[in-house]
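Listed below are the residues making up each chain.
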Amino acid sequence: MSEIEERRAKKEIRHFFASLRGLDHRPDIILLPELSVPLGFEPQLKRAAEKLEAIVIAGLDYRIETGELQPTVSNEAVVIVPRRLRGRQIARRTEVRRVGKTYPAPSEEKKLKSITGTGVAFLAHPTVWIFESSDLGKFAVAICYDFMDLDRIVMYRNKIQTLFILAYNRDTTSFDHLAEALSRMLFCNVVVCNCGQFGGSLAVSPFREPFRRSIYRHVGQRLPHAQLVELPLAALAAHQAGSTNKDFKSLPPGFGVFSPSLTTKTEAI
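Being a predicted model, the structure only gives us computed values, none of them experimental.

Student: Just checking my understanding: could you explain the sheet that holds strand E9 (residues 121–122) for this structure?
Tutor: Sheet strands line up and pair through hydrogen bonds in the backbone, either parallel or antiparallel. Pairing in this open sheet of three strands is mixed, and the strands run E3-E4-E9 from one edge to the other. Sheet topology places strand E3 (63–65) and E9 at the edges, where each strand pairs with a single neighbour. Here strand E4 (residues 72–74) runs beside E9; their pairing, made up of two bridges, is parallel. When the sheet's bridge partners are listed, Val 73 is paired in E9 with Phe 122.

What follows is the structure in structure tokens.
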């Protein structure tokens, strides 16, 4: 980020976190888009998560590292789990985990390589994280272009109730269709948090009635905003386990089949 962009990002983040503190019903999980948080702002995010007693999942600006042949960048998200959640202490201290992006988008890779000098290489992080909470179910976090990784999608199958995608995506229509398709194929909630510059944030669930499936959708460019949405968890988990619930669609064929090809890590919350 440039200095001007960094100041604006910090101002917007502070503004929206302040608006969340004023709500009667506070969120359990807060999402910030891909590449939206300046690297030096992490301590403030940690304090905000502790004050709100909510998990914060935020996309960080590129982390630059000096390589032997050329510099590299990591595109990562930070998952901050406070020691108190919903007024209940769940750990001795606040924990922080990093979720890295595995595959750069073609335009992202091209732009990095075009930087003057030797260019900048993208540092891939081939680890798939699944987080497990007694209150919030099992959820996964992926960054933008990894949303289209078929190997990753297979690993999520029958393992999660919610998939969070942090994005910086111009092709919002494609992500709309992909979110709805994967909501059925993975049979889980899918939430895309895209930057306000492009719009395209949405939340979908595999409900039987069409009007219930689209829980939230934000259309329109240059509209920074914060929105509180409610997702089904316990009922969805029970339906995944075979307890039929007429509120949801039928499970997809072969729902229990699992064939891993990447490294997986599960974090208990």
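Student: Would you mind showing me how to read the packing of aromatic side chains here?
Tutor: For any pair of aromatic rings, the description rests on two quantities: the centre-to-centre distance and the angle between the ring planes. Across all of its chains, the model carries eight aromatic pairs by this definition. Centroid distance Trp 129 to Phe 131: 5.7 Å. Interplanar angle 15°. Geometry classified as stacked. Neither Trp 129 nor Phe 131 differs from the other in exposure class; each is buried. Considering the side-chain rings of Phe 139 and Phe 164, the 5.6 Å spacing of their centres and the 70° angle between planes classify their relative orientation as edge-to-face. Residue Phe 139 is found in strand E11 (residues 137–143), and its partner Phe 164 is found in strand E12 (residues 162–166); the two are separated by 25 residues along the sequence. The pair Phe 139 / Phe 164 is uniform in exposure class, with both members buried. In textbook terms, an aromatic cluster arises when at least three aromatic residues are bridged by ring pairs, as seen for Trp 129, Phe 131, Phe 139 and Phe 164. A cation over an aromatic ring shows up here: Arg 212 above the ring of Phe 207, its NZ or CZ 4.2 Å from the ring centre.

Student: What is the right way to read the pairing of E11 from this model?
Tutor: Consecutive side chains of a regular strand alternate in pointing toward one face of the sheet and then the other. With six of seven residues buried, E11 is to be regarded as a mostly interior element. Where strand E10 (residues 127–133) lies against E11, four bridges are found, and the strand directions are antiparallel. Its bridge partner lying in E11, Ser 133 is registered against Gly 137. Two successive antiparallel strands, E10 and E11, enclose a turn made up of three residues. The sheet contact formed by E11 and E12 spans five bridges and is parallel. Counted as the bridge partner of Phe 139 is Thr 162 from E12. The parallel pair E11 and E12, bridged by helix H4 (residues 150–156), forms a crossover whose chirality is right-handed.

Student: Even after reading the chapter, I still don't get helix H2 (residues 42–52), so can you show me in this structure?
Tutor: An α-helix turns once per 3.6 residues; consequently, residues spaced three or four apart project the same way. Of all the positions in H2, only Glu 42, Leu 45, Ala 48, Ala 49 and Leu 52 are classed as buried. Down the axis, H2 shows its buried residues gathered within 115° of arc, on one side only. On the buried face of H2, the contacting elements are helix H1 (3–21), strand E1 (29–37), strand E2 (55–60), strand E5 (76–81) and strand E8 (95–100). Of the residues trailing H2, Glu 53 is marked for its positive phi of about 55°.

Student: Can you help me understand unusual backbone geometry in this one?
Tutor: For residues other than glycine, phi is negative in most cases, and the peptide bonds are mostly trans. Positive phi is not limited to glycine here, since Asn 158 has a value of about 65°. Among the structural elements, Asn 158 can be located in the loop between H4 and E12. Here the phi dihedral of Arg 222 falls at roughly 55°; this positive angle occurs in a residue that is not glycine. Inspection of the secondary structure assignment puts Arg 222 in the loop between strand E15 (214–217) and helix H7 (234–240). With relative accessibility at 60%, the residue Arg 222 sits in the exposed group.

Student: Please clarify how the sheet that holds E1 should be interpreted in this entry.
Tutor: Spatial ordering of the open sheet is given by E1-E2-E5-E8, a layout of four strands whose pairing is mixed. The strands lining the two open edges of the sheet, one partner per strand, are E1 and E8. For this sheet, the mean angle separating the axes of adjacent strands, direction not counted, is 15°. As defined by bridge partners, E2 adjoins E5 across four bridges and the pair is classed as antiparallel. Following the sheet pairing, Gly 59 is matched in E5 by Ala 77. Lying over the sheet, H2 contacts E1, E2, E5 and E8, oriented at roughly 35° with respect to E5.

Student: I keep staring at the pattern of salt bridges and nothing clicks. Help me out?
Tutor: A side chain of one charge can pair with a side chain of the opposite charge if their charged atoms are brought near each other. Taken as a whole, this structure holds 20 salt bridges when the rule is applied. The salt bridge partner of Glu 76 is Arg 63, with a shortest N-O separation of 2.8 Å. Separated by 13 residues along the polypeptide, Glu 76 in strand E5 and Arg 63 in strand E3 bring together distant segments of the chain. Residue class for Glu 76 comes out buried when judged on its relative accessible area of 5%. When the shortest N-O distance is used, the salt bridge between Arg 212 and Asp 247 registers 3.6 Å. In this pair, Arg 212 is assigned in helix H6 (residues 210–213) and Asp 247 in the loop between H7 and strand E16 (263–268), connecting sequence segments 35 residues apart.

So, how was this worked out
- Residues numbered from 1 in each chain as written.
- Predicted model: local features only at pLDDT ≥ 70, side-chain atom pairs only at ≥ 80, totals over all residues.
- Heavy atoms only, no water.
- Pairing = 2+ DSSP bridges.
- Helix = DSSP H or I, 4+ residues; strand = E, 2+ residues; numbered from the N terminus.
- Phe/Tyr/Trp six-rings, centres within 6.5 Å; stacked < 30°, edge-to-face > 60°.
- Buried < 20%, exposed > 50% of the residue type's maximum accessible area, 1.4 Å probe, protein only.
- Lys NZ or Arg CZ within 6 Å of the ring centre and 35° of its normal.
- Right-handed = clockwise from strand over helix to strand, strands pointing away.
- Arc of directions from axis to C-beta.
- Contact = heavy atoms within 4.5 Å.
- Axes fitted to C-alpha atoms, helices over the stretch in contact; angles between N-to-C directions.
- Salt bridge = Lys/Arg side-chain N within 4 Å of Asp/Glu carboxyl O.

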